[in-house]
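Single-letter residue listing:
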Amino acid sequence: MRFLLIFSLISFLLFINPSLSLNQGFSTNLIHRESPLSPLSTSHINKYDRVRNSIHRSMSRVNRFKTSFGLSPKDVQTQVKASDDDASYVMKLSLGTPPVPQFCIADTGSDLIWSQCQPCLNCYTQTLPIFDPRKSSTYKTQSCDSQACQALSSRTSCSRTNVCNYHFGYGDNSHTSGDLATETVTFNSGTSLPKITFGCGHDNYFIGTIGKDTSGVVGLGGGPSSLVSQLSPSINGKFSYCLIPFFEEGNYTSTINFGSRGRVSGPGVISTPLVRNYPKTFYFLTLKAITVGKSKIPFFKIPFTNQTNQGY
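Since this is a predicted model, take the numbers as computed values, not measurements.

The next thing to look at is the state of the cysteines. According to the stated counting rule, one finds 4 disulfides in the structure shown. In this model, Cys 117 is linked to Cys 200 through a disulfide, with the two sulfur atoms separated by 2.1 Å. Here Cys 117 and Cys 200 share a disulfide; its torsion about the S-S bond, -115 degrees, makes the bridge left-handed. A residue pair is termed long-range when its members are at least 10 positions apart, and Cys 117 in the loop between strand S5 (114–116) and strand S6 (140–141) and Cys 200 in strand S10 (residues 192–205) qualify at 83 residues. The class for Cys 117 is buried, based on a relative accessible area of 0%. Here Cys 144 connects covalently by a disulfide to Cys 158, the sulfurs 2.0 Å from one another. Looking down the S-S bond of the Cys 144 and Cys 158 bridge, the torsion is 100 degrees, so its handedness is right-handed. Linking Cys 144 in the loop between S6 and helix H2 (147–152) with Cys 158 in strand S7 (residues 156–158), this pair joins segments that are 14 residues apart in sequence.

The topology assignment puts Gln 126 in the loop between S5 and S6. Residue class for Gln 126 comes out buried when judged on its relative accessible area of 10%. Among the polar contacts listed, one links the side chain of Gln 126 to the side chain of Gln 116, at a separation of 2.9 Å. Side-chain polar atoms of Gln 126 contact the backbone oxygen of Leu 128, separated by 2.8 Å. Among residues more than four places away in sequence, those in contact with Gln 126 are Gln 102, Gln 116, Asp 213, Thr 214 and Ser 215.

Two strands pair when backbone bridges link them, and strand S14 (residues 289–292) and strand S15 (residues 295–298) are joined in this way by 4 bridges, in the antiparallel orientation. The partner of Val 292 across the bridge, within S15, is Ser 295. Adjacent in sequence and paired antiparallel, S14 and S15 are bridged by 2 residues, among which Gly 293 carries a positive phi angle near 65 degrees.

Glancing now at the packing of aromatic side chains. Scanning all chains against the criterion turns up 7 aromatic pairs. A centroid spacing of 6.3 Å and a plane angle of 80 degrees characterise the contact between Tyr 139 and Phe 198, whose relative ring orientation is edge-to-face. Pair noted here: Tyr 139 is in the loop between S5 and S6 and Phe 198 is in strand S10, with a separation of 59 residues, a long-range link. Residue Tyr 139 is classed as buried on the basis of its relative accessible area of 18%.

So, on to the nonpolar core. Of all hydrophobic cores here, the largest spans 31 residues; its most connected members are Leu 30, Phe 187, Phe 198, Leu 220, Leu 227, Ile 256 and Phe 258. Elements with a minimum of two residues in this core: strand S2 (26–32), strand S3 (89–95), strand S4 (100–107), strand S9 (175–187), S10, helix H3 (227–230), strand S12 (238–243) and strand S13 (254–258). Here Ile 256 is in contact with Phe 26, Ser 27, Thr 28, Leu 30, Met 91, Leu 220, Phe 239, Ser 240 and Tyr 241, once residues within four sequence places are set aside. Core analysis: the next-biggest nonpolar cluster, separate from the first, contains 17 residues, Ile 31, Leu 112, Tyr 124 and Val 217 among them.

Okay, the pattern of salt bridges next. The final tally for this structure, using the stated rule, is 1 salt bridge. Arg 134 is the salt-bridge partner of Asp 132, the closest N and O atoms lying 2.9 Å from each other. Residue Asp 132 is classed as buried on the basis of its relative accessible area, which comes to 14%.

The next point concerns the environment of Thr 272. Mapped onto the fold, Thr 272 is located in the loop between S13 and S14. Distance in space between the C-alpha atoms of Thr 272 and Thr 286 is 8.6 Å, their sequence separation being 14 residues.

Mean pLDDT over the protein chain stands at 76; residues scoring 70 or higher make up 68%. When the elements of the protein chain are averaged for pLDDT, strand S1 (residues 3–8) gives the smallest value, 38, and S6 the largest, 98. Overall, residues 64–86 carries pLDDT values under 50, and its contacts beyond four positions in sequence, including any with other chains, amount to 37 contacts.

Here we come to the side chain of Ser 110. Mapped onto the fold, Ser 110 is located in the loop between S4 and S5. Assessed through its relative accessible area of 2%, Ser 110 is described here as buried. Polar side-chain contacts of Ser 110 include one of 2.7 Å to the side chain of Asp 107. Not counting residues up to four positions away in its chain, the partners in contact with Ser 110 are Tyr 170, Val 217, Gly 219, Leu 220, Gly 221 and Thr 281.

Definitions and cut-offs
- Residues numbered from 1 in each chain as written.
- Predicted model: local features only at pLDDT ≥ 70, side-chain atom pairs only at ≥ 80, totals over all residues.
- Heavy atoms only, no water.
- Disulfide = S-S within 2.5 Å.
- Helix = DSSP H or I, 4+ residues; strand = E, 2+ residues; numbered from the N terminus.
- Buried < 20%, exposed > 50% of the residue type's maximum accessible area, 1.4 Å probe, protein only.
- Polar contact = N/O pair within 3.5 Å; in protein donor to acceptor, adjacent residues only side chain to side chain.
- Contact = heavy atoms within 4.5 Å.
- Pairing = 2+ DSSP bridges.
- Phe/Tyr/Trp six-rings, centres within 6.5 Å; stacked < 30°, edge-to-face > 60°.
- Core = buried A, V, L, I, M, F, W, Y, C linked by side-chain atoms within 4.5 Å.
- Salt bridge = Lys/Arg side-chain N within 4 Å of Asp/Glu carboxyl O.
- pLDDT = per-residue confidence, 0-100.

Rendered as structure tokens:
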């Protein structure tokens, strides 16, 4: 059984690449963290361990959401030891010309695309070689007055050489800093995307072991610097992914589809619109009711006075 989630949105594009032609769409793999193909996998783990670890990661995520809304983790009825190592899927891609393979965390809850870069002021350990922009013929830094730099506004500063320096943090206090640049990104499907805005991280820190053996993050959120928004004119703001059961044995991967390949149709397929809200990064749905057995319980909007601070 495969579970299908379709995400479709119309994004405001800040980074236009007229040479990009993806009318037919493209696909690439989503590798579960505990797949034998993942750098995050633990050897000798069975399907029951995978289910237990997934539950722990989910509860850790709930604890963080409760804290971000000003509530104590004690308000969560079921307590588990919080794990910072809760990334679930990674994407294998290559940066630069010639292409340098990297494993990056796929994150629908943030926007910035970034990878560790040489020279490293402060980098964590990763399995694959750290990307060195000095060896790529297609690497180009973004100026301080560029649209990409202006889009990140308060998260940037300007160097003496007019290079846009970014400073990006996450809700668990992990962070990355470096040069905002453009580079060619190539996926394992063979699709090559030129002039993608990304963060070339020279100072990177991850809480716990979440970043161990990975190179960075691919932001798939709704904000202007995400991969989805940067490709919006070519993919019509559409992407979808099919998640195979993570407890299956073997070298299986899920698939993420962009553009026309992201369209889902056929018998039994239903859809609901995503709505734009603050912050733009996150995807929102309108909940109208919850049905328990034969009882339908209407949902009434509960106002929150505090905003989440993910990816500040």
